[in-house]
Amino acid sequence: MQIDDNLEISDTGAVLCVHCAARVGDSVERPLQHALRHDRPSCAAGAGVRADPARFTQRPIVLRQIFCPGCLTLLESEIVPADERSYRSWLLAV
Amino acid sequence: MPLINVAGSERFASQPTSESQIRAALGERLRLHSVSDDDIAGVDALTYEVIRHRLAMITEEMGDALKRMSGSVVVTDANDFGATILDESGESVLVGLYNTQLAASVDNAAKWTLLNRSNKPGIAPGDMFLCNDPWVGGGMHQNDVTVLAPLFHDGELFAWTAAVCHQVDLGGVSPGSWSVNGTDVFWESTPVPPVKIVEGGEMRVDIEDMYLRRSRVPKLIALDLRAKIGANNIAQELLTRLVEKYGATTVKAVMKRIMSDAEQRLRDKLKSLPDGTWSAIAHQDSARSGEQGIYKIVLAMTKKADRLHFDFTGTDPQVEGFINCTYNGLRGGIMPIVLTMLCNDIPWAPGGIYRCIDITSEPGTINNCTFPAGVGKASVGSTWSTMNAVSECVGKMLSLHPEHRKSMMCVCCGSWDLTLLAGVDQRGGPFVTMLCDSMAGGLGARVDQDGVDTGGLNCIPMGRIADVEINEFAFPMLYLWRREEIDTGGPGRYRGGVGGSSCFIPHDAPLGGVHLVVSSPGKAVPMAPGLSGGYPAATAHDVLIRNASARALLASGRIPSAIEQLAGSPDVLPPHLETNLADADVYYTHWQGGGGYGDPLLREPGKVALDVGKNKVSPHAAGDIYGVMFDASGVVDVGATDKHRQQLRRERAGLALTSNEE
């Protein structure tokens, strides 16, 4: 079953990268278990971040991204306060 | 003063009430029309479709009536209004293709009216009720004023019609009722729970005076009030004709079947999707002027069999400010996404659709606030952010289905960048208006195509922006430009639609300038996230340039096209601010685009080149985000692109470059 543009669930229940077949998660309970994570200042998102977030808030703001461990395809991107855990997730009942 | 609950205010806090509860509560006090299951089953398919389409057309006619009669550009040119037909118990049968946030909670207003006004002052033929209490329903904030009209047939309450428009000013501390310094609802326009504004076909002038007295532009508000009464009159006339032609039982049976049909078809669609839970978060920066917090709405959406459960546990507590929304606002954040993404092939009958939906939310949170929390910005504050979180979760769920994934759209225009102008217009009269240019937000990317550039908002399918010339005619302003903005669509394999900007000066303003209220979150944290690796759309960005050279440039025959050309003192504005825009000042407002879908390094280089050619993407972003390199003649250099993309893959993941990539 294809999850999105980058991930699929194999017959064994593992979560695989559709681009390189790397195992991203061993099961749908932990779908991004092996993914790489990296935070950078939000300005790394490019010109879309029009002004330094420090103008508007005391909290540091980061570009948080998750990558395929095999081909380094970008699986998720979010710009969030650095001191906040990621709330974005999914869990399939399959 | 801190937020302290007002004893007794709970009775205004509507909660969904079923038809059987309504009937039980009313008893013999008010006779409600009813039909049996056999009546509903007995309608033949042809009659059903004819009446169903006629009902849909009536909502269109209501919209046309509002546009023809209103004098507000917000209504006539931007379509910020709603039109709904409801059954006798207040269930929404059909909503028009206008502001679906507004339509989401009009059912609660009708039900509250049934439960609280049927005894005194009573509900009778020819009556209409006015309501702008966001806790009761009918709108998200006090500017959303609903006129509800019961329709009687043979002595029984047969149905309701409802028209709601955004009113440009209903009092409160700040013009436009956008009290950016406010800490609670008492800074804002006073909410009015349902009051009988029309009795037996005659306007209640005492009630009208009470309503209009609060506004800075009472004549305009009076005109809009008549537009809503007129829209209801037209709807009731057309419904009556329908009843005369087909009979009350048949028309009501169709209304009931529309809702059950929508319910069943949504259940079938949900059943075809895998079960699971999808979580999202939506941020807003700043709750009021001068405040720098970041507030979150947290959503875990669970789809099980044929039901959807929206659980907002973990959402921040209500805040001293004006960004909160009531439970009705929360529903207004859910329904527009369910309609556009899940019900694009299903009748827009919220009364049936809500039967598939469960909501968990703690009272006292920013999207389920209690009285007297400030809600003046609710529609484009916590309701909008709720919509963003719902959009993300529904989008992820739809991505799983080979067919339904085509209906998925990433988050659209993450916030409403409010520009509110007030003062004296070029004709010497008072004016207040919300500039609706940010209605041209970028739509989110989809699984197989880019988002539509400046395509609109998913909560107002028929939303549009006024022509520049209309705004200049109506208000004392002169545009320097209104245009799409480069690099505002979220990068991705499929790019989010770009947003836009407007830049203008006061013009022909008798007082020399105008009053300006600015209100937009999304400046620290962009609010239209991407999906499947796609980047968020750009942040909102507003700049006020004091003592600019715009007039000198225009006098010399040059039309400025960039802030840098305007000299003066540019000031990047915080999310919320109230100030004056003086004769020599320039205001630049820049709203958000849509989120991207997929990894931008997987975007076809040729598409990036086209984007650069059309000023959708800058050459800088083409290289840094999309990894596309061009040769000296501006043609994509395939070899250099491959190499650069390989390098970017490691760099952005925080990995050391290999010797070949350095």
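Please refer to the structure higher up on the page.
The rules behind these values
Residues numbered from 1 in each chain as written. Chains lettered and ligands numbered in written order. Predicted model: local features only at pLDDT ≥ 70, side-chain atom pairs only at ≥ 80, totals over all residues. Heavy atoms only, no water. Phe/Tyr/Trp six-rings, centres within 6.5 Å; stacked < 30°, edge-to-face > 60°. Helix = DSSP H or I, 4+ residues; strand = E, 2+ residues; numbered from the N terminus. Buried < 20%, exposed > 50% of the residue type's maximum accessible area, 1.4 Å probe, protein only. Axes fitted to C-alpha atoms, helices over the stretch in contact; angles between N-to-C directions. Parallel < 35°, antiparallel > 145°, perpendicular 65-115°, else oblique. Contact = heavy atoms within 4.5 Å. Nonpolar A, V, L, I, M, F, W, Y, C, P; charged D, E, K, R; others polar. Buried area = accessible area lost by both parts, 1.4 Å probe. Salt bridge = Lys/Arg side-chain N within 4 Å of Asp/Glu carboxyl O. Pairing = 2+ DSSP bridges. Polar contact = N/O pair within 3.5 Å; in protein donor to acceptor, adjacent residues only side chain to side chain.

Asks: I keep staring at the packing of aromatic side chains and nothing clicks. Help me out?
Replies: Remark: the centre distance and the inter-plane angle together describe each pair of aromatic rings, the angle taken between the planes. Residue and element names in this part refer to chain B. Evaluated as defined, the whole model comprises nine aromatic pairs over all chains. Where W135 meets F371, the ring centres are 5.1 Å apart and the plane angle is 70 degrees; that geometry is what we call edge-to-face. Residue W135 is found in the loop between β3 (128-131) and β4 (144-153), and its partner F371 is found in the loop between β11 (357-360) and α12 (382-398); the two are separated by 236 residues along the sequence. Take W135: its relative accessible area is 5%, and that puts it in the buried class. Among the residues examined, F371 registers a relative accessible area of 19% and is labelled buried. Consider the rings of F504 and Y587, whose centres lie 5.8 Å apart with planes at 70 degrees: the pair is edge-to-face. Placement of F504 in strand β15 (residues 500-506) and of Y587 in strand β20 (residues 586-590) is noted, with a sequence separation of 83 residues between them. Here F504 falls in the buried class, since its relative accessible area comes to 1%. Y587 sits in the buried class, given a relative accessible area of 0%.

Asks: Sorry, what's going on with the packing of helix α3 (residues 45-69) of chain B against helix α9 (residues 248-271) of chain B here?
Replies: Working note: a packed helix pair is described by the angle between its axes plus the distance between those axes. Residues and elements named next belong to chain B. Interhelical geometry of α3 versus α9 gives an angle of 85 degrees and a closest axis separation of 10 Å. As summarised for this structure, α3 and α9 are arranged roughly perpendicular, according to the angle between their axes. Facing α3, whose interface residues are T47, Y48, I51, R52 and L55, α9 presents T250, V251, V254, M255, R257, I258 and D261. A breakdown of the residues in the contact of α3 with α9 according to their chemical character gives seven nonpolar, two polar and three charged.

Asks: How should the interface of chain B and chain A be read in this particular structure?
Replies: How large an interface is tends to be reported as the accessible area lost when its parts come together. At the interface, 53 residues of chain B touch 46 residues of chain A. The junction of chain B with chain A conceals about 4100 Å² of combined surface from both sides, 57% of it contributed by carbon and sulfur atoms. On the chain B side of the contact with chain A, Q292(B), L400(B) and R652(B) bury the most area, a combined 14% of that side's loss. R88(A) is paired through a salt bridge with E392(B); the nearest N and O atoms lie 2.4 Å apart. Those elements giving two or more residues to the side of chain B that touches chain A turn out to be β8 (276-285), β9 (294-304), α12 and α17 (638-652) of chain B. Residue contributions to the side of chain B that touches chain A peak at seven residues, all from β8(B). Taken together, the residues of the side of chain B that touches chain A sort by class into 25 nonpolar, 15 polar and 13 charged. Pairing of strand β7 (residues 89-92) of chain A with β8(B) involves four bridges; the strand directions are antiparallel.

Asks: Explain the environment of R88(A) to me, please; I cannot follow it from the model alone.
Replies: Looking at where R88(A) falls in the secondary structure, it is placed in the loop between β6 (74-81) and β7. Residue classification places R88(A) among the buried positions, given a relative accessible area of 12%. Expressed as a C-alpha distance, the spacing of R88(A) and E78(A), which sit 10 residues apart in the sequence, is 8.9 Å. Residue contacts for R88(A): discarding those within four places in its chain leaves E76(A), E78(A), V80(A), S279(B), A280(B), I281(B), E392(B), K396(B) and P529(B). A polar side-chain atom of R88(A) sits 3.0 Å from the main-chain carbonyl oxygen of I281(B). Within the structure, the side chain of R88(A) is placed 2.4 Å from the side chain of E392(B), a separation counted as a polar contact.

Asks: Any chance you could explain the side chain of T386(B) here in plain terms?
Replies: Residues and elements named next belong to chain B. With respect to the helices, strands and loops of the structure, T386 is situated in helix α12. For T386, a relative accessible area of 0% puts it in the buried group. A distance of 3.2 Å separates a polar atom in the side chain of T386 from a polar atom in the side chain of N367. With sequence-adjacent residues up to four places away left out, T386 is seen in contact with I297, F312, L330, G333 and N367.

Asks: Would you explain the pattern of salt bridges in this entry?
Replies: Opposite charge on two side chains allows them to pair when their charged atoms are near. A complete count under the given rule lists 48 salt bridges over all chains for this structure. Between E78(A) and R64(A) there is a salt bridge; the shortest N-O distance is 3.7 Å. Residue E78(A) is found in strand β6, and its partner R64(A) is found in strand β5 (residues 61-67); the two are separated by 14 residues along the sequence. For the pair E78(A) and R64(A), one class covers both residues: buried. A salt bridge links E237(B) to R241(B); the nearest nitrogen and oxygen atoms lie 2.9 Å apart. Taken together, the positions of E237(B) and R241(B), both in helix α8 (residues 218-246) and four residues apart, correspond to about one turn of that helix. One salt-bridge network, in which partners are shared between bridges, spans D450(B), D453(B), E484(B), R495(B), R603(B), D611(B) and K616(B).

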